[in-house]
Amino acid sequence: MFIVVGVTGGIAAYKSVQIVRLLVLAGHDVHVIPTDDALRFVGLTTWEAISRNPVTTSVHDDVPTVRHVALGQSADLVIVAPATADFLAKQAAGLAGDLLGTTLLATTAPVVVAPAMHTEMWNHPATQHNTGVLRERGVHVVGPADGALTGGDSGPGRMSEPEQIVAAALAVVDAAGDLAGMRVVVTAGGTREPIDPVRYLGNRSSGRQGVAVAVSAAQRGAEVDLIAAHTEGDALEGARAHPRVRVSQVSSAEDLQAAVSAAAEAADVVVMAAAVADYRVDAVSEHKLTKDTSPDGTRTLTLVENPDILAGLVASRRGGQTIVGFAAETEPDRATLLERGRAKRRRKGVDLLAVNTVGWTRGFETAENTLYLLNAADDVVAEASGTKHSVADALWDAVVAARSAR
Ligand code: C5P
């Protein structure tokens, strides 16, 4: 989402750095507009570094892009935090004397403001009147909280915590999303099947595609249970930053099965993006195996088949539930790949199958991905290529289409 964060001149501006950080981590494109006064509290360099976008403060900057209205026109959401008494008064009057003012008059996006000031200023009839005018205009007001203020005094006027402001702002947008009101379960990452206390059988899944599927669903309004097997590095960060994604971590296929079966009972959609090991070691050693191989230099591990979790979900699906599977294939020929995908979709009985080409340098551990989406009629409903987030969005488009076709 394209999000504008306006910052006005109050000491709580330092907390808004965390608001910007949380939004960026959740995958949003964040543009900060500080007022001149706000820059006395937190400098331009900080806003640029944290938002990862250029920051300008004046209507006379970057004139060829018509920036004084362009930011407002592009915005999907505008947050102003902190919102001073002076800002609320200017907004109520519709003043547009600076870049934040012009942006707010140019936008049709939802606007969320988080007031912060001393109790006397918040309680003043002028401020209460101005806030009322903004509320009537559809502006969402978060806080202020009742608590410690900068002068050592205490009372209503403290800016709400960054996490609360982000959650409230995203909830405003999410409520209008096409997955609003849905419960979704997504699995991600690769399972590890233990051999002994220090060794395992694993795979190269980074979990990034599954996490993108979870975050995309949350951004479109769903409540998401993300069941993550092993993931790479910071892959889970975006999911942890989104207030509507609940992350639980598991290790082996059997752990994953227990978690997903429980979560699926209340789910409208289940997406099995995890790379689940087909086999596990039949007897896990209590002690680290020593190097006492047979005379011919080999060691034999006996593997037993893991349960097919997806097949189990399909067998026990509740009415109206949509189940999506993934197929990671190394087949290079498109026609053969799709034929194999169709056979797998039928075998698994899923409503949608996302066919994912993988290889030594494709699919796993990479930022970009290509997915072919096969529906229940075995048609290719999308051939999505691009960032894992954009591909995840295409997957949700296909889920929405499949559910409305029923
Ligand atoms: O048959 P294959 O392993 O290619 O199927 C992949 C799909 O099945 C994925 O959605 C994966 O999460 C799921 N799967 C499963 N249980 C297994 C193996 C795979 O649910 N034991």
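Residues numbered from 1 in each chain as written. Predicted model: local features only at pLDDT ≥ 70, side-chain atom pairs only at ≥ 80, totals over all residues. Heavy atoms only, no water.

1. Topic: the nonpolar core
Inclusion rule: Here, nonpolar core means buried Ala, Val, Leu, Ile, Met, Phe, Trp, Tyr and Cys residues that are tied together by side-chain atoms lying within 4.5 Å of each other. Throughout this description, buried means an accessible area under 20% of the type-specific maximum (1.4 Å probe, protein chains only), exposed means over 50%, and partly exposed covers the range between. Here, two residues are considered to be in contact whenever any of their heavy atoms come within 4.5 Å of each other.
In this structure, V224, L226, V271, L395 and W396 are the most contacted members of the largest nonpolar core, which totals 37 residues. The contact partners of V224, leaving out residues within four places of it in the chain, are V184, V186, A214, A217, A218, R244, V245 and R246. Formed by 31 residues, the second largest nonpolar core is a distinct cluster that contains A12, L22, I79 and L170.

2. Describing the sheet that holds strand 19 (residues 380–387)
Sheet strands pair via backbone hydrogen bonds, and the direction of the pair is either parallel or antiparallel. Convention followed: Here, strands pair whenever DSSP counts at least two bridges between them. Only runs of H or I of at least four residues qualify as helices and only runs of E of at least two qualify as strands under DSSP, and these elements are numbered from the N terminus. Lines are fitted to the C-alpha atoms to define the axes, a helix being fitted only along its stretch in contact, and any angle between axes, read from their N-to-C directions, falls within 0 to 180 degrees.
Strand order across the open sheet formed by eight strands is 12-11-8-13-16-17-18-19, with mixed pairing between neighbours. What marks the edges here is a single partner per strand, and that holds for strand 12 (245–249) and strand 19. Taking the axes of each pair of neighbouring strands and ignoring which way they run, one obtains an average angle of 15° across the sheet. Lying over the sheet, helix 9 (residues 208–219) contacts strand 8 (183–188), strand 11 (223–228), strand 12, strand 13 (269–272), strand 16 (322–329) and strand 18 (368–374), oriented at roughly 165° with respect to strand 8.

3. Comments concerning the pairing of strand 19
Direction of pairing for strand 18 relative to strand 19: antiparallel, over a ladder of seven bridges. In the strand pairing of strand 19, Y372 is matched with E383. Joining the antiparallel neighbours strand 18 and strand 19 is a turn of five residues, in which D378 adopts a positive phi near 65°.

4. Notes on the packing of helix 9 against helix 14 (residues 388–405)
Formally: Every angle not falling under 35 degrees, over 145, or within 65 to 115 is termed oblique; those three ranges are roughly parallel, roughly antiparallel and roughly perpendicular. The crossing is said to be left-handed when, going from far helix to near helix, the turn is anticlockwise and less than a right angle, and right-handed when the turn is clockwise.
In contact at an axis separation of 8 Å, helix 9 and helix 14 are set at 60° when each is read in the N-to-C sense. Taken as axis vectors, helix 9 and helix 14 run oblique relative to one another. The way helix 9 lies across helix 14 gives a crossing that is right-handed. On helix 14, the residues touching R208, Q209, A212, V213, V215, S216, A217 and Q219 of helix 9 are K388, H389, V391, A392, D393, L395 and W396.

5. Details of the sheet that holds strand 2 (residues 29–34)
With parallel pairing, five strands are arranged side by side in an open sheet as 2-1-3-4-5. Of all the strands in the sheet, just strand 2 and strand 5 (140–141) have a single pairing partner and so form its edges. When strand 4 (residues 111–115) meets strand 5, the two strands line up parallel, connected through two bridges. Counted as the bridge partner of V113 is V141 from strand 5. Against the sheet, helix 1 (residues 13–25) engages strand 1 (2–7), strand 2 and strand 3 (77–83), with an angle of about 155° to strand 3.

6. Brief notes about the packing of helix 3 (residues 67–74) against helix 5 (residues 99–106)
Which entries qualify depends on this criterion: In this classification, Asp, Glu, Lys and Arg are treated as charged, Ala, Val, Leu, Ile, Met, Phe, Trp, Tyr, Cys and Pro as nonpolar, and every other residue, Gly included, as polar.
Helix 5 packs onto helix 3 with a crossing angle of 45° between their chain directions and a minimal axis gap of 7 Å. Relative to helix 5, helix 3 is oriented oblique. At the point where helix 3 passes helix 5, the crossing takes the right-handed sense. For the pair formed by helix 3 and helix 5, the contact residues are R67, H68, V69, L71, G72 and Q73 on the first element and L99, T102, T103 and A106 on the second. Class assignment of the residues belonging to the contact of helix 3 with helix 5 gives a composition of four nonpolar, five polar and one charged.

7. Focus on the site of the ligand
So the rule is basically this: What makes a residue near a molecule or strand is one non-hydrogen atom of that residue sitting within 4 Å of it. Distance and chemistry together define a polar contact, namely a pair of N or O atoms within 3.5 Å, with one atom able to donate a hydrogen and the other to accept it when in protein, and with adjacent residues in sequence counting only for side-chain atoms on both sides. Only the protein chains shown count as covering a residue, and every accessible area follows the Shrake-Rupley method with a 1.4 Å probe.
Every one of the 13 residues lining the ligand counts as a neighbour, but M272, A274, L310, F326 and K344 are closest to it. Between the ligand and I309 there is a distance of 3.1 Å, counted from a nitrogen atom to a backbone nitrogen or oxygen. In the model, an oxygen atom of the ligand is placed 2.9 Å from a nitrogen or oxygen of the F326 main chain. Within the complex, the protein chains bury 87% of what would otherwise be the 450 Å² of accessible surface of the ligand. At the level of elements, helix 12 (309–315), strand 16 and helix 13 (334–348) are the ones that each hand at least two residues to the shell around the ligand. Here the shell around the ligand is composed, by residue class, of eight nonpolar, one polar and four charged.

8. Some words on the domain arrangement of the chain
This is how the line gets drawn: Segmentation of the chain into domains, including their bounds, is taken from an automatic or database domain assignment. Note: buried area is the sum, over both parts, of the accessible area (probe 1.4 Å) each one loses when the two are combined. Take a side-chain nitrogen of Lys or Arg and a carboxyl oxygen of Asp or Glu: if they are within 4 Å of each other, that pair is a salt bridge.
Per the domain assignment, the segments making up the chain are domain 1 (2–176) and domain 2 (183–405). Placing the centre of domain 1 and that of domain 2 at their C-alpha centroids yields a distance of 39 Å. Contacts between domain 1 and domain 2 engage eight residues on the former and 11 residues on the latter. Here domain 1 meets domain 2 over a buried area of about 740 Å², counting both sides, of which 58% is carbon and sulfur. Of all residues in domain 1, the largest losses of buried area upon contact with domain 2 belong to L25, A26 and D174, amounting jointly to 61% of the total for that side. On inspection of domain 1 and its partner domain 2, the count reaches zero salt bridges. Connecting domain 1 to domain 2 are two residue pairs in polar contact (both at pLDDT 80 or more). The biggest single contributor to the side of domain 1 that touches domain 2 is helix 8 (residues 162–174), with four residues. For the side of domain 1 that touches domain 2, the class distribution of residues is six nonpolar, one polar and one charged.

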